[in-house]
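# Fold and contact review
So you can see what is in the structure, the chains are spelled out below.
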Amino acid sequence: MNGFIDGAAFCRIFASGAAAIANAAQEVNELNVFPVPDGDTGSNMSMTMSAGLKNLNGSYAHAGQAAGAAAQGLLRGARGNSGVILSLLFRGFAKGVKERESIDGTAFAAAMSDGVDTAYRAVMKPAEGTVLTVTRVSSRAAVIYSGRDSNLERVMEHMLACAEEAVKETVTQNEVLAKAGVVDAGAYGFCIILKGMLEALRGNPVLPADDTQPASSARFSDFTDEDIRFAYCTEFMVKRPRAVPGQDNDPSRLRAYLESCGDSLVFVEDDDIIKVHVHTNDPGRALTHALPHGELTAVKIENMREQHTEQILRENGGQTASVPGGIAEKGAAPQKDVGFVSVCAGKGLEAVMRDLGVDEVVEGGQTMNPSTQDILDKIKLVGARTVFVLPNNKNIIMAAEQCAALSDRQIIVLPSKSVPQGIAAMLAYNAGEDAEANRAAMTGALKTVTTLQITAAARDSQFDGSDIAEGDNMLMADGALAFSHPSRLETLRAAADMAAKKGAENITIFLGDCMAGEGGEAEEAVRIFERYAPGASVISLEGGQPVYSYIISVE
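Nothing here was measured: the structure is a model prediction, and the numbers come from that model.

The next point concerns the pairing of strand β5 (residues 273-280). Pairing of strand β3 (residues 232-239) with β5, which is carried by eight bridges, proceeds in the antiparallel orientation. By the bridge assignment for β5, Tyr 232 is matched with Thr 280. Examined bridge by bridge, strand β4 (residues 262-269) and β5 share six bridges and lie antiparallel to one another. Paired with Asp 263 across the two strands is His 279, which belongs to β5.

Our focus in this paragraph is the confidence of the model for the protein chain. With 87% of its residues at a pLDDT of 70 or more, the protein chain shows a mean pLDDT of 85. Taken as a whole, residues 211-227 scores under 50 in pLDDT and shows 17 contacts with residues more than four places along the chain or in a different chain. Within the model, the stretch residues 317-327 combines pLDDT values under 50 with 23 contacts to residues more than four positions away or in other chains.

As enumerated under the stated definition, the model contains 20 salt bridges in all. A salt bridge links Arg 409 to Asp 408, with the nearest nitrogen and oxygen atoms 3.2 Å apart. With a relative accessible area of 8%, Arg 409 lands in the buried category. For Asp 408, a relative accessible area of 39% corresponds to the partly exposed category.

Let's shift gears to the packing of helix α6 (residues 105-122) against helix α8 (residues 152-173). Relative to each other, α6 and α8 sit at 35°, their axes nearing to 7 Å. Listed contacts from α8 to Gly 105, Phe 108, Ala 109 and Met 112 of α6 are Leu 152, Val 155, Met 156 and Met 159. Here the contact of α6 with α8 is composed, by residue class, of seven nonpolar, one polar and no charged.

Core analysis: the largest hydrophobic core is formed by 69 residues, its most contacted members being Phe 10, Met 49, Leu 56, Phe 93 and Phe 108. Among the elements that take part in this core, helix α10 (residues 185-201) stands out by supplying eleven residues, more than any other. Of all hydrophobic cores here, the second largest spans 25 residues; its members include Ile 509, Leu 511, Tyr 550 and Ile 552.

Across the six residues of strand β16 (residues 506-511), five count as buried, placing the element largely inside the fold. Two elements, β16 and strand β17 (residues 537-542), share six bridges in a ladder whose sense is parallel. Bridge assignment links Ile 509 to a residue of β17, and that residue is Ser 540. After leaving β16, the chain enters helix α20 (residues 519-532) and then returns to the sheet as β17, a path that is right-handed. Across five bridges, β16 lies against strand β18 (residues 548-554) in antiparallel orientation. Looking at the pairing, Thr 508 lines up with Ser 553 of β18.

The four strands lie next to each other as β8-β7-β9-β10, forming an open sheet whose pairing is parallel. Of all the strands in the sheet, the pair left with one neighbour each is β8 (360-363) and β10 (410-413). In this sheet, adjacent strand axes meet at a mean angle of 20° when their direction is disregarded. Judged from the four bridges that link them, strand β7 (residues 336-344) and β8 form a sheet pairing that is parallel. Its bridge partner lying in β8, Val 341 is registered against Glu 360. Contacts from helix α14 (residues 347-355) reach β7 and β8 within the one sheet, and its direction differs from that of β7 by about 165°.

On to the packing of helix α7 (residues 131-146) against α10. To characterise two packed helices, one gives the angle between the axes of the helices and the distance between these axes. Remark: α7 packs on α10, axes separated minimally by 7 Å, with the N-to-C direction vectors making an angle of 45°. Judged by the inter-axis angle, α7 sits oblique to α10. Where α7 approaches α10, its residues Val 131, Val 134, Thr 135 and Ser 138 are matched on the opposing element by Gly 186, Ala 187 and Phe 190.

In this section: α6. Residues three or four positions apart in an α-helix share a direction because the helix packs 3.6 residues into each turn. A rise of 1.5 Å per residue sets the reference length of α6, with its 18 residues, at 26 Å; its end C-alpha atoms lie 26 Å apart and thus fit the reference within 8%. If you check which residues of α6 are buried, you get Gly 105, Ala 107, Phe 108, Ala 109, Ala 111, Met 112, Ser 113, Gly 115, Val 116, Thr 118 and Ala 119. Turning to α6, the residues buried within the fold contact α5 (80-96), β2 (103-104), α7, α8 and α10. Between a side-chain oxygen at the N-terminus of α6 and the backbone nitrogen of Thr 106 the separation is 3.3 Å; the capping residue is Asp 104.

Quick look at the packing of aromatic side chains now. The full count for this structure, using the stated rule, is eight aromatic pairs. Judged by centre distance (5.6 Å) and plane angle (20°), the rings of Phe 340 and Phe 388 are stacked. Here the residue Phe 340 occupies a position in strand β7, and Phe 388 occupies one in strand β9 (residues 384-390), the gap between them amounting to 48 residues. Each member of the pair, Phe 340 together with Phe 388, is buried. Among the aromatic residues, those joined into a cluster by ring pairs are Phe 10, Phe 14, Phe 90, Phe 93 and Phe 108.

In this structure, Asp 478 takes a positive phi of about 50° despite not being glycine. Structurally, Asp 478 is set in the loop between β14 (473-477) and β15 (480-485). Its identity is not glycine, yet Val 547 carries a phi of approximately 70°, on the positive side. Relative to the elements of secondary structure, Val 547 occurs in the loop between β17 and β18. Among the residues examined, Val 547 registers a relative accessible area of 24% and is labelled partly exposed.

Moving on: α5. Taking 1.5 Å of rise per residue, 17 residues should cover 24 Å, and α5 covers 25 Å from first to last C-alpha, within 8% of that figure. Burial analysis of α5 places 13 of its 17 residues in the buried class, which makes it a mostly covered element.

Now for the sheet that holds β18. One open sheet holds the six strands; their spatial order is β15-β14-β11-β18-β16-β17, and the pairing between them is mixed. Strands at the two margins of the open sheet, each flanked by one partner only, are β15 and β17. Shown here is a sheet whose adjacent strand axes are inclined to one another by a mean of 20°, direction ignored. When strand β11 (residues 450-456) meets β18, the two strands line up antiparallel, connected through six bridges. Among the inter-strand pairings, Thr 451 is bridged to a residue of β18, identified as Ser 553. Where α20 meets the sheet, it contacts β16, β17 and β18, and its direction lies at approximately 160° from that of β16.

What counts and how
Residue indices begin from 1 for each chain and proceed along its sequence in written order. Since the coordinates come from a predicted model, pLDDT governs what is reported: local features require at least 70, and pairs of side-chain atoms require 80 or more to be given and counted, while whole-chain, interface and lining totals use all residues. Side-chain measures here rest on the full set of heavy atoms in the structure, leaving out hydrogens and waters. Here a strand pair is declared whenever DSSP counts at least two bridges between the two strands. Secondary structure elements are taken from DSSP: a helix is a run of H or I of four residues or more, a strand is a run of E of two residues or more, and numbering for both begins at the N terminus. What pLDDT expresses is the predictor's confidence in each residue, scored from 0 to 100. The contact rule is simple, with two residues in contact once any of their heavy atoms fall within 4.5 Å. The salt bridge criterion pairs a side-chain nitrogen of Lys or Arg with a carboxyl oxygen of Asp or Glu, the two atoms within 4 Å. Relative accessibility decides the category of a residue: with a 1.4 Å probe and only protein chains considered, values under 20% of the type maximum give buried, values over 50% give exposed, and everything between is partly exposed. Here, axes are lines fitted to C-alpha atoms. For helices the fit covers the stretch in contact, and angles between N-to-C directions go from 0 to 180 degrees. Here the nonpolar group is Ala, Val, Leu, Ile, Met, Phe, Trp, Tyr, Cys and Pro; Asp, Glu, Lys and Arg are the charged ones; every other residue, Gly included, is treated as polar. The definition of a nonpolar core used throughout is a set of buried Ala, Val, Leu, Ile, Met, Phe, Trp, Tyr and Cys residues joined through side-chain atoms within 4.5 Å. The crossover handedness rule: strands pointing away from the viewer, path from first strand over the helix to second strand clockwise, crossover right-handed. Angle categories are assigned with fixed cut-offs, so that under 35 degrees is roughly parallel, over 145 is roughly antiparallel, 65 to 115 is roughly perpendicular, and the rest are oblique. Every helix has an expected span of 1.5 Å times one less than the residues it contains. Pairs of N or O atoms are called polar contacts if they sit within 3.5 Å, as long as, within protein, a hydrogen donor faces a hydrogen acceptor (for residues adjacent in sequence, only side-chain-to-side-chain pairs). Only centres within 6.5 Å qualify two rings of Phe, Tyr or Trp (six-membered ring in Trp) as a pair; their planes then separate them into stacked at under 30 degrees, edge-to-face at over 60, and tilted for everything else.

Structural data, given as C-alpha cells:
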C-alpha cells in the first residue's frame, strides 16, 4: 500500500486523473439536464485538468511545489463553472500542502478539505446536490478516517467510496436533477478524476484514449525559435517556356536541389507552371536554381523566426513571456481610464459590441467556454486602468471573475448571462460617472431585458414531463426551457407571444449562422413579432452566432 507521495508521484497521479476525465468527457456531458447543444461539464473539466497538467512541465521532488504548479495551470485554464470550481478545489489543496515535501493520507484529506472551503467561499449561492456537496461530504469523511489511518491509498479509497455514494444522492437533493432522473455531472466528473488519481497510486495509471487529439489552436510559445531549423518560408511559381530542342529543363533537378537545402517541400508541376513551397535558410539560391526553368512569378519570402516572435507577443498580450507564479501580469500600458472586454461568438454580434465601445472580444459562448487565461489575454490588450468584462453566459462568469487575482488592473465582471444583457449593460454605461456608479447602473440594466433563444435539441430527452425529440426547436427564456416544437415557425410564434405578454417595446432579432440563405424565414420572423406585438419596434440583424438560430432581445 502506498502511504504517501512525493512531487514526482503527485505529477503521475494528477496526469492519470486528467486522462480519466478526458476519456469520460462525453459521458459526463451526457448528464447535462437540458438537451441544448453544449460541450459542457465533461469538456470543461477535461480542458481545465489538461491546463493544470500542461503547467507541470518540469520535474518535481517537492510535493507542495508540484501541487502549486498544477493549481496555477488550473486557475488560468479554468473553463465554465465546473472547471472553475475544480480549479478552486486544487488551489485550496495546493495551499494546504505548500510546505510539504511529501503528502500522506492525513495531509491529503486536510488539504482537500481546505480546497472545499476555498470553493465554497467563491460560490455566491452554493446549492446542494452539486460537486460542492460531494467534495464536502467526501473530504470530511476522509479527514475523520485519516485520524486513525494516515495511509494515503486507504484514505483515497475511503474518500472515493464516500464520494460515489454522495453522487448517488445528488439526484434527490436537487429538484432539477430529480425531474430529469440523473446525477450531477460535475460531481460525477470529480469522482472520475479522484478514481483516476487513485488508480495511478495503485500502479495502474489511466492513459489518454487518444493522445493525438489536435489542439484547438497552436500555442507558439510552446517552442522556441531554435526549433525552427529553416528560417525562410519561400514560395514562388515558375512559368515554364515551351520546350526547346536540345535544352534540358527537367524539373526533377530543381526538386532534388530543393530537397537537399530545406524541408516542408511542396512541388507541383504541369506543362505550364511549377509551383514551389519550401522552408530554407537560403531563399536566394532556391530562386537562382529555379531561373533556368522559366520566368519567376508570385515570389513570397517570409522570416518564420520573426513570425514566431510576433505570434508569441500576440499570445501574451504584448509581452514576450507570461509572469510565473500567480503574480499579476502587465499588458499594454494604460492609456485611458476605462475599457471593455466582451465574450460572444458571431461576426454580427462582435460588430454590435464593438460599435457600442467594446475594446476586445473573446470568441466564446455556448459550447465554447473560454478559459480564464483567454479572457485575461484580452484584458491585457486593453490599455485601461479599469476593465469591465461582459461574460454574456452564466457558465463563463466564474472564469472571468478569476482574472482579478491575475491582473494589475481593476477588473469589474458584470454578471451578464446573454449577449442581449451585455448590450443592455453597454448602453447603460455613462462616461461621466465613476467605476462603481457604472457597475451599479450596468448591473441594473441586465434586468431590463429578456433573452429568448431558439436552438435545436441535441438529443432525445424528457424534461418537466415533456418529451423532447432530437432536432426539435426549443425556446429558452432567460436560460429556462419555455417551449419546444418540431416547427421553427411555431417556436417563433411562441416566442412572439411571450414577448407580447411582457409588453415589449423594442425587439431585436439576431440571426444565427444557420440562417444564412434563409432570408424568407428571417423576414417572416419579423412579421410574426410585428403581428403579436404591434406596438413594438422590431428589427432583424445578422448575428452569425452558432448553436442558436435566433437570439431575441426583448425590452
